[in-house]
Amino acid sequence: MILPLRYYGDPVLRKKALFVESITEDVRKLVFNMIETMDAKKGVGLAANQVGVLLKIFIIRPEISNKDGDISLGDPEVYINPILSQPTQETDFFSEGCLSFPGFHLDIERPKGIHIKAMNLEGQWFEEDILGFKAREIMHENDHLHGAFFIDRYKGSKKAIEPILRKLKKKYSST
């Protein structure tokens, strides 16, 4: 089932998500609905609070390059109760967008790599060192679980983006 998205200005997006105590059928159903929603909205990641659920869950579809350099999206990956650590010193800038900010993109600086410890849908903990775009996806989605947005990391003029943010808030506040 495609879930309704929450957009910039919705107070639930600024709230911190709660620890998932156990993997229940409701959690599994939420994850499958999140995947369907992300795919329907043509996103590459989605955090639970973006669909109004304050649980520490996010999903991504990582980019996969084939031998010819063509890029496609991989299978959905589920991260429950994620803990990020060990960001690389080396950073880069990349244009980020967000399903909660339709049509809006900014160049955001993030570490090139990150270590993540999280639970999968079977309730098993796993750890991974991640580099590149997948690391960026994970950091972006994890920010949502802490009530933060990519715009909070923007190093350019906040004043310059304020009119765009006001328009977004006005347009989507009634949706």
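You'll find the structure just up there.
Remember, predicted model here, so these are calculated numbers, not experimental data.

## Description of the sheet that holds strand β5 (residues 77–85)
Taken in spatial order, the five strands of this open sheet run β1-β2-β5-β8-β9, and their pairing is antiparallel. Two strands bound the open sheet, and with one partner strand each, they are β1 (45–47) and β9 (125–131). Ignoring which end each strand starts from, the neighbouring axes of this sheet average 40 degrees apart. In this structure, β5 lies alongside strand β8 (residues 113–119), joined through four bridges in antiparallel fashion. Across the sheet, I83 pairs through a bridge with K117, a residue of β8. Against the sheet, helix α2 (residues 133–145) contacts β1, β2 (57–60), β5, β8 and β9, and its axis sits at roughly 155 degrees relative to β2.

## Some details on α2
For α2, with 13 residues, the first-to-last C-alpha span of 19 Å sits near the 18 Å given by 1.5 Å per residue. Inspection of α2 places K134, A135, R136, E137, I138, M139, H140, E141, N142, D143, H144 and L145 among the buried residues, and these make up the whole buried set. Backbone geometry just downstream of α2 places G147 in the positive-phi region, at approximately 75 degrees.

## Concerning the pairing of β2
Alternating residues of β2 divide into I57 and I59 and F58 and I60, and every residue in both groups is buried. Where β1 meets β2, three bridges bridge the pair, whose relative direction is antiparallel. Looking across to β2, one finds that L46 is bridged to I59. Of the pairings in the sheet, the one linking β2 to β5 comprises four bridges and is antiparallel in character. From the neighbouring strand, F58 faces β5, where its bridge partner is Y79.

## Some words on the layout of surface pockets
Empty space within the largest pocket amounts to approximately 340 Å³. If you trace the largest pocket, you find 22 residues lining it, with V44, E96, G97, C98 and H140 closest to the centre. Secondary-structure elements contributing two or more residues to the lining of the largest pocket are β6 (91–98), β7 (101–111) and α2. Looking at the lining of the largest pocket, its residues break down into eight nonpolar, eight polar and six charged.

## Some details on the nonpolar core
Counting residues in each nonpolar core, the largest one holds 36 residues, and the members touching the most others are M34, I57, I80, F101, F104 and I151. Of all elements in the fold, only α1 (25–40), β2, β5, β7 and α3 (158–172) reach the threshold of two or more residues within this core. Per-element tally for this core: the top contributor is α1, with six residues. Ignoring sequence-local partners within four residues, the contact set of F101 consists of Y8, F149, F150, I151, L165 and L168. Counting residues in each nonpolar core, the second largest holds 13 residues, with F58, I116, I130 and M139 among its members.

## Things to note about a nonpolar patch on the surface
Taken together, the side chains of F19, I83 and W125 define a hydrophobic patch exposed on the protein surface, amounting to about 300 Å² of accessible area. Among the structural elements, I83 can be located in strand β5.

## Quick look at the environment of K171
Secondary-structure assignment places K171 in helix α3. With 164 residues separating them along the chain, K171 and Y7 place their C-alpha atoms 9.5 Å apart.

## Comments concerning the packing of aromatic side chains
Under the criterion given, the structure shown has nine aromatic pairs. A ring pair is formed by Y8 and F101, whose centres lie 4.9 Å apart and whose planes are at 35 degrees; its orientation type is tilted. Of the two residues, Y8 sits in the segment before α1 while F101 sits in strand β7, which places them 93 residues apart along the sequence. Seen from their ring centres, F101 and F150 are 5.2 Å apart, and the 85 degrees between their planes marks the pair as edge-to-face. With a gap of 49 residues between them, F101 in strand β7 and F150 in the loop between α2 and α3 connect regions that are remote in the sequence. Aromatic ring contacts, followed pair by pair, group Y8, F101, F104, F149 and F150 into a single cluster. A cation sits over an aromatic face here: K117 above W125, 5.4 Å from the ring centre.

Rules and cut-offs
Residues numbered from 1 in each chain as written. Predicted model: local features only at pLDDT ≥ 70, side-chain atom pairs only at ≥ 80, totals over all residues. Heavy atoms only, no water. Pairing = 2+ DSSP bridges. Helix = DSSP H or I, 4+ residues; strand = E, 2+ residues; numbered from the N terminus. Axes fitted to C-alpha atoms, helices over the stretch in contact; angles between N-to-C directions. Contact = heavy atoms within 4.5 Å. Expected span 1.5 Å × (residues − 1). Buried < 20%, exposed > 50% of the residue type's maximum accessible area, 1.4 Å probe, protein only. 1 Å grid on protein atoms, 1.4 Å probe; cavity = no way out; pocket = protein on both sides within 12 Å on 5 of 7 lines; lining within 4 Å. Points joined across faces, edges and corners; volume = space filled by probe spheres on them. Nonpolar A, V, L, I, M, F, W, Y, C, P; charged D, E, K, R; others polar. Core = buried A, V, L, I, M, F, W, Y, C linked by side-chain atoms within 4.5 Å. Patch = residues over 30% accessible without salt bridge, like charges linked within 9 Å, V, L, I, M, F, W, Y side chains within 5 Å. Areas by Shrake-Rupley, 256 points an atom, 1.4 Å probe, with all protein chains shown as cover. Salt bridge = Lys/Arg side-chain N within 4 Å of Asp/Glu carboxyl O. Phe/Tyr/Trp six-rings, centres within 6.5 Å; stacked < 30°, edge-to-face > 60°. Lys NZ or Arg CZ within 6 Å of the ring centre and 35° of its normal.

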